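Inside the fold
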Amino acid sequence: MSNTVENRSIIVTGSGRGIGRSIAEGLAKEGARLVIADIDSVTAEATAAEIRDAGGQAIGIVADVTDRASVKALIARAVAEYGRLDAMFNNAGIAQVKQFNDITEDDWYRVMDINAMGVLICIQEASKQFISQGGGGKIVNTASIAGKQGYEPLAHYSASKFAVVALTQAAARAFGKYKINVNAICPGVVATDMWKLIDKGFKDEGLTNRDNEAFEGFSADILLGRASRPDDLVGVSIFLASEGSDYMTGQSMLVDGGMVLV
Ligand code: NAD
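The rules behind each value
- Residues numbered from 1 in each chain as written.
- Predicted model: local features only at pLDDT ≥ 70, side-chain atom pairs only at ≥ 80, totals over all residues.
- Heavy atoms only, no water.
- Core = buried A, V, L, I, M, F, W, Y, C linked by side-chain atoms within 4.5 Å.
- Buried < 20%, exposed > 50% of the residue type's maximum accessible area, 1.4 Å probe, protein only.
- Helix = DSSP H or I, 4+ residues; strand = E, 2+ residues; numbered from the N terminus.
- Contact = heavy atoms within 4.5 Å.
- Pairing = 2+ DSSP bridges.
- Axes fitted to C-alpha atoms, helices over the stretch in contact; angles between N-to-C directions.
- Lys, Arg positive; Asp, Glu negative; His and termini not counted.
- Salt bridge = Lys/Arg side-chain N within 4 Å of Asp/Glu carboxyl O.
- Polar contact = N/O pair within 3.5 Å; in protein donor to acceptor, adjacent residues only side chain to side chain.
- Left-handed = near helix turned anticlockwise from the far one by under 90°.
- Nonpolar A, V, L, I, M, F, W, Y, C, P; charged D, E, K, R; others polar.
- pLDDT = per-residue confidence, 0-100.

What to know about the nonpolar core
Soluble, globular proteins show a tendency: their nonpolar side chains are buried together. The biggest cluster of nonpolar side chains holds 35 residues, and the ones touching the most others in it are Ile11, Val35, Leu74 and Met88. Only β2 (33-38), β3 (57-62), α3 (68-82), α4 (105-132), α5 (155-175) and β6 (181-187) provide two or more residues apiece to this core. No other element matches α4, which puts eight residues into this core. If we ignore the near neighbours within four places in the chain, the residues touching Leu74 are Ile11, Thr13, Val35, Ala37, Ile61, Ala63 and Met88. Residues Ala44, Phe89, Val140 and Met248 belong to the second largest nonpolar core, which totals 27 residues.

Printed below as a string of C-alpha cells:
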C-alpha cells in the first residue's frame, strides 16, 4: 500500500488557476500525468505549459463542466493521451457573495449549474470510464466548509456545496461495487481569485472592499491562525488519488485549518 500517484492519469477540472491549479501542480510533481481542464483556454494551456517546463506531464484542455458533450470529450482526450483514466478531480466552481434576500433565480441556477450539476455530470462520465476499464478509480470532489454549514451571505453557494457532499455519498453508494472511491475535500477560506467575484455579477472585476471584509471575517476564527493557501490542499489530494485511500469512500474531509469542528 503506497501513497504514490506516479504515472496515474488524472483530470483536474477548474485547474487553470486557484486551488485546482495547485492540486494539479502538486500531483504532477509526484509523477502523475495531468489533464488541466478549464473553461478558460488561456489559463488551462498556461498551467499545463508551466507543469511541462518544470519537468512534469500535462496537457491543457478547454472543458465546460456543465456541458455533457464537453465532459465526454475531455475524458476521451485524457484516455487518448495517457491510455486510461485513474482519477477525476471535480474542482471547478464559482462563488457569489450576496445577501440572502437578494439572490435571484438566475443567481441560483448559475451557481447550482456549475457547482452541483457540473459535479454530477463529471461523476457520471468518469464512473462510466472507470467501469469500462474494469473498475477501480478515484473521484475527488471539491466541496467546502460551506457544504457542512450554511453560510450567509453565501446561501446559494452553501446549498450547492451541500449538494456536492450529498453527491459524494450517493456516488460512493452507487459505485462501491466497482471499487471506485468517491470522496470530497472541504477547504476553508483559501486565498484565490474566487474572492474577486462580486455581487453585481460573476465577472472578475477586482477585489472589492466588500469582498475583502467577507474574506477577513471568515479568516478571523481559524484555529491554525491563517487563511488557507491553495497548496494546503495538495497533501490530501495526493492521498485521495493514491492507493493509500483505497478503503475510504463517501467521505467529505475538512481541510480548513480548524475553522469548522464537526
Ligand atoms: P477560482 O475562481 O480561482 O478557480 C476556479 C476555476 O474554475 C477557474 O479557473 C475557472 O475558469 C474554472 N471554471 C469556472 N467555471 C467552469 C466551468 N463551467 N467549467 C470548467 N471550469 C470552470 O476558484 P478557487 O478558489 O480555486 O475554487 C476552486 C474550488 O474550490 C471551487 O469549487 C470552490 O467552490 C472551492 N472552494 C474554494 C474556497 C476558497 O475560499 N477559495 C473555499 C472552499 C471551496
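Digging into the sheet that holds strand β7 (residues 252-255)
Taking strand neighbours across the sheet as the criterion, the seven strands line up as β3-β2-β1-β4-β5-β6-β7 in an open arrangement whose pairing is parallel. The open sheet has two edge strands with one neighbour each: β3 and β7. Between one strand axis and the next, the sheet turns by 20 degrees as a mean value, whatever way the strands run. Summarising the sheet, strand β1 (residues 9-13) and β2 pair through five bridges and their orientation is parallel. Residue pairing for β2: Thr13 is matched across the bridge by Ala37. Sheet strands touched by helix α1 (residues 18-29): β1, β2, β4 (87-90) and β6. Its angle to β1, the strand with the most contacts, is close to 165 degrees. Relative to the sheet, α5 contacts β5 (138-142), β6 and β7, its axis offset from that of β6 by approximately 160 degrees.

Structural notes on the side chain of Asp38
Looking at where Asp38 falls in the secondary structure, it is placed in strand β2. No salt bridge is formed by the buried Asp38, whose closest oppositely charged neighbour, Arg17, lies at an N-O distance of 6.5 Å. Among the polar contacts listed, one links the side chain of Asp38 to the backbone nitrogen of Asp40, at a separation of 2.9 Å.

Topic: the packing of α3 against α4
Geometry of a packed helix pair, given as the angle between the helix axes and the separation of the axes. The contact between α3 and α4 brings their axes to 10 Å, and the two run at 35 degrees. Between α3 and α4 lies a crossing whose hand is right-handed. Contact residues: Arg68, Val71, Lys72, Ile75 and Val79 in α3; Ile121, Cys122, Gln124, Glu125, Ala126, Lys128 and Gln129 in α4. Looking at the contact of α3 with α4, its residues break down into six nonpolar, two polar and four charged.

Focus: the confidence of the model for the protein chain
The share of residues in the protein chain with pLDDT of 70 or more is 91%, and the mean pLDDT across the chain is 92. Per-residue pLDDT stays below 50 along residues 197-207; that stretch engages in 30 contacts with residues further than four places along the chain or on separate chains. If you check the scores for this complex, the pTM reads 0.95 and the ipTM reads 0.99.

Remarks on the pattern of salt bridges
Following the criterion strictly, the structure yields 13 salt bridges and no others. Linking Arg84 and Asp86 is a salt bridge whose minimum nitrogen-to-oxygen distance equals 2.7 Å. Here Asp107 and Lys98 are joined by a salt bridge, their closest N and O atoms 2.6 Å apart. Classification of Asp107 by relative accessible area gives buried; the value is 7%. Lys98 sits in the buried class, given a relative accessible area of 13%. One salt-bridge network, held together by shared partners, links Arg68, Lys72, Glu125 and Lys128.

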